[in-house]
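So the chains spell out like this:
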Amino acid sequence: MSSFFGIFQTTYTHEAHLAFIILIMAFGFWGAPLIAWTFLGLAALVGFGAPEWLIGGFCVAAVLFNVRPLRQFIVTAPVMKIMKALKFIPKISETERVALEAGVVWVEGDLFSGRPNFKKLMEEPYPDLTAEERAFLSGPVEKLCEAVNDWQIWQSKEIPQEAWNIIKREKFLGMIIPKEYGGLGFSALAHSEVIHKLCTRSVPVGVTVMVPNSLGPAELLIHYGTEAQKKRLLPKLATGEEIPCFALTEPGAGSDAGSIEASGVLFKGSDGKVYVRLNWNKRWITLAAISTTLGLAFKLRDPQNILGRGQDLGITCALIPSHTPGVVLGKRHDPLGVPFWNCPTQGKDVEVLAEDCIVGGLGGAGLGWKMLMECLAAGRGISLPGQNVGGMKLGLRVVTNHAVIRKQFGVSISKFEGVEEPIARIAGIAYAGEAMRRFVLGGLDKGIKPPVITAIAKYWSTELGRKAINDSMDVLGGAAISRGPRNLIAHYYISVPIGITVEGANILTRTLMIFGQGALRAHPFAFKEVNAVEKNDLNGFDRAFWGHIGHVVRNTFRSILLSVSRGWLYWSPVQGSVARYYRKLAWVSASFAILSDIAMAALGGQLKMKEKITGRFADILSWMFIGTAILRRWVAEGKRKEDLPFVHFTMNMALYEIQQAFDGILKNLPVPGLSWFFGGPLLWWSQLNSLASRDTDNHSHKIVSLVTTDGEQRDRFADGIYIPKSSEEALGRLEHAFKVCKRAETAEKKIRKAVHEKVLAKAKGAELYKNALEKGVINKEEHQDLVNSEAVRWQAIQVDEFTQEEYLGHATGSSKGVTPPLHSKRLEA
């Protein structure tokens, strides 16, 4: 044996040692297979003159681990038994399993892998509207926006009949319904764009159109209904002849929708047909009181086993005519005063024909939870992101108009650094929000339903929307808190918390869905391990477990090497100033992957209860995705040089948020025997070698300069919001004043320079302008620009005021500069 190994032995130099170290790092970084590690290990032992007993032992171990039947029998089977005995693998309920298996894994799989393929991600589809969809936005959507007055809707607490007529005639409620069933058959992008625009005009109108096109009767019928159900209901839903609602939430079942108590019992009628007797108590159901078709989620029982599938069939969805005896409607909730129909409903022994009303007929009995999870896997990425990104853009437009127009201490407040800071945040949030929205819609329009990514879109569009509107309120100050027709921000501010709570409350979405589901769904091996253990599948567990070990080894090497090199070992698919962001995201992905595995190993099935930890992991995954979407937007829009300040600002924001989340995990992750290491040396290294710090003042200054400059770029960032043409309307007035004030800026600069050089004496307003004209500092045209700017400035900064009668809602006359409140006859009566 000694003579055999002697053939390979040689004297290794320091250079050879270094070469082996580099080779080991390369194997780890790129994830070499087990057989490659085996040969490398053998070569190292032989080359470095290891004793024969050690080499022999290594060979035995190599055979054991490389020959699968031996490995399964000697190693894998005991590991599987130990994991079962220690309850290390989390138990997954049937409702959890359905939720986990709904939809597909998409971009999050790459980000969770530790080795994202950014070249592929930058080629993901970036959607655009068809000519027909553009015509709808510039035609019917524009007309609907013109037909409504948001202030009057809030005062009367109802949408005017003229608006309802447009909604029904133009099939606004049938955007998602295919053309063959009488709908518009729009893409997810067009659907989102309509909501996006309507909500910038009036949130109640936007919500009224949003909900029938989201989770509800139409969506369920399209994907799961029988042909007879589709033909009977979809054409009427498209034209608004049928008004739908969908009842899911109950007093005892909110975020935990699986615990609903609404019940249905199958029975045979005297005619021999199968009926279902329903009882329910639902709340917070949009459009319920005015609905004609009531969608319902309930638990179905079959005590006589009529269907031959046992007694407890599970959650089921049904569509019930609202006029059916026993259906109780009519009351409404008051969601923060936002005037859209949000209502309770009850059902008492409501009897309907099962085949007609259960979605999918009798074959759909018990499949309701699957239907709901699959529909939400898409819907979360469309409506609420559309609404909230619209709010970000509207806030940015209103705030930049106001900041240019409004003067204090003789200077436009847009020039104050204290004002620049929140404006830059609004602009950055709007840029990132639109990037995320578009990226998600691209995936949805290619036919996939990625539940983790749409949960990220829902959570972060609403949370970032809340931050943007808060900053908008701060910049506008008193103008933002004085409600009236001139105030374009207050109603959005009031409405924001509603989006935070619906389609999965944000706390639940962050802590359980984004990382809770993501950790199992997006991880390349975790869900496979869980399934294998539950099925007692040794072959499946062997493949998943050892694949997981290789995943951990690779990401350990990648995380260390990318951290030490600050990402420079990663080859960026692009060059230039944005290349560093690809490198840093690759570094983040590797560190996130290994830290996730450490958390799963340390906490096992208890991880999902450690919601502070899972919430921070969710933040990292979310901001990795948002950062990827920002880079994709920049590429898709032609790598415009003038947009780079927005890319730098938002990518720095994303990396800073990721850094904060990593630090929070390291401080608090309970790793038996090693918590001191994670909370001590590793945390110290993380903070010393941070991904990013707070953004520089230079970036925020550039951004504010760009969004307060009249031109194509400013208009492009407001694309999709409703801007009225008339200067008599609040936003139209601000738009006109902004342009007039910008035109006067050149003359103002000349005057300031003349005053500074003592060519002009200090004065204010008209007197200063007159003196400047007389002394030749400005010409007649510039003088007129200044006079015009002062006039429109004064008009634009006014706020609404009311008499006591008008404030109380009794007057029919008009107060100064204020549109009188409009009241419906029903409410007055």
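Everything that follows concerns the structure shown earlier in this document.
Because the structure is a prediction, the values reported are computed rather than measured. (Residues numbered from 1 in each chain as written. Predicted model: local features only at pLDDT ≥ 70, side-chain atom pairs only at ≥ 80, totals over all residues. Heavy atoms only, no water.)

Moving on, we get to the overall build of the protein. Helix and strand counts for the protein stand at 37 helices and nine strands. Among the 829 residues that make up the protein, the fraction classed as buried is 56%. When the accessible surface of the protein is summed, it comes to about 36000 Å², and 58% of that surface belongs to carbon and sulfur atoms. (Helix = DSSP H or I, 4+ residues; strand = E, 2+ residues; numbered from the N terminus. Buried < 20%, exposed > 50% of the residue type's maximum accessible area, 1.4 Å probe, protein only. Areas by Shrake-Rupley, 256 points an atom, 1.4 Å probe, with all protein chains shown as cover.)

All right, on to the packing of helix α12 (residues 188–201) against helix α13 (residues 203–210) then. Look at α12 against α13: their axes get within 6 Å of each other, and the N-to-C directions meet at 150°. As judged from the angle between their axes, α12 and α13 are roughly antiparallel. Side by side, α12 and α13 meet where I195, L198, C199 and R201 of the first sit next to V203, G206, V207, V209 and M210 of the second. (Axes fitted to C-alpha atoms, helices over the stretch in contact; angles between N-to-C directions. Parallel < 35°, antiparallel > 145°, perpendicular 65-115°, else oblique. Contact = heavy atoms within 4.5 Å.)

Taking 1.5 Å per residue as the helical rise, helix α29 (residues 675–688) with its 14 residues ought to reach 20 Å, and the 19 Å between its terminal C-alpha atoms agrees with that figure. Residue L682 marks the point of greatest curvature in α29, where the axis turns by about 35°. Turning to α29, its buried residues number three or more, namely F678, L683 and S686. Turning to α29, the residues buried within the fold contact α26 (579–603) and α28 (644–668). (Expected span 1.5 Å × (residues − 1). Bend = angle between axes of the 7 residues up to and from the residue.)

All right, on to the pairing of strand β3 (residues 274–286) then. Inspection of the sheet shows strand β2 (residues 263–268) paired to β3 by six bridges, in the antiparallel sense. For V265, the partnering residue across the bridge sits in β3 and is R277. Two successive antiparallel strands, β2 and β3, enclose a turn made up of five residues, where G272 displays a positive phi of approximately 85°. In the sheet, β3 pairs with strand β7 (residues 342–353) via nine bridges, with the strands oriented antiparallel. Its bridge partner lying in β7, I285 is registered against C343. (Pairing = 2+ DSSP bridges.)

This part takes up the pairing of strand β4 (residues 293–301). Burial analysis of β4 places seven of its nine residues in the buried class, the great majority of the element. Bridge count between strand β1 (residues 244–247) and β4: four bridges; the pairing is parallel. Its bridge partner lying in β4, P244 is registered against T293. The pairing of β2 with β4 spans three bridges and is classified as parallel. Bridging across to β4, S263 finds its partner in K299. Note that β4 and strand β5 (residues 312–321) share nine bridges and pair antiparallel. Residue L294 lies in a different strand from β5, and its bridge partner there is I320.

In this structure the tally under the stated criterion is 22 aromatic pairs. Ring geometry for F136 versus F172: centroids 5.0 Å apart, planes at 50°, classification tilted. Of this pair, F136 sits in helix α9 (residues 131–147) while F172 sits in the loop between α11 (161–169) and α12; the two residues are 36 residues apart in sequence, bridging distant segments of the chain. Judged on exposure class, the residue F136 and its partner F172 are both buried. Centroid distance F541 to F545: 5.5 Å. Interplanar angle 20°. Geometry classified as stacked. Taken together, the residues span about one helical turn, with F541 and F545 both in helix α25 (residues 538–564) at a distance of four residues. Overall, the relative accessible area of 0% leaves F541 in the buried class. On the accessibility criterion, F545 (14% relative accessible area) is buried. Ring pairs connect the aromatic residues F112, F515, F592 and F617, which therefore count as one cluster. Above the ring of F267, the side-chain terminus of R277 is found at 4.3 Å from the ring centroid. Lying across the ring of F738, R714 places its NZ or CZ 3.8 Å from the centre. (Phe/Tyr/Trp six-rings, centres within 6.5 Å; stacked < 30°, edge-to-face > 60°. Lys NZ or Arg CZ within 6 Å of the ring centre and 35° of its normal.)

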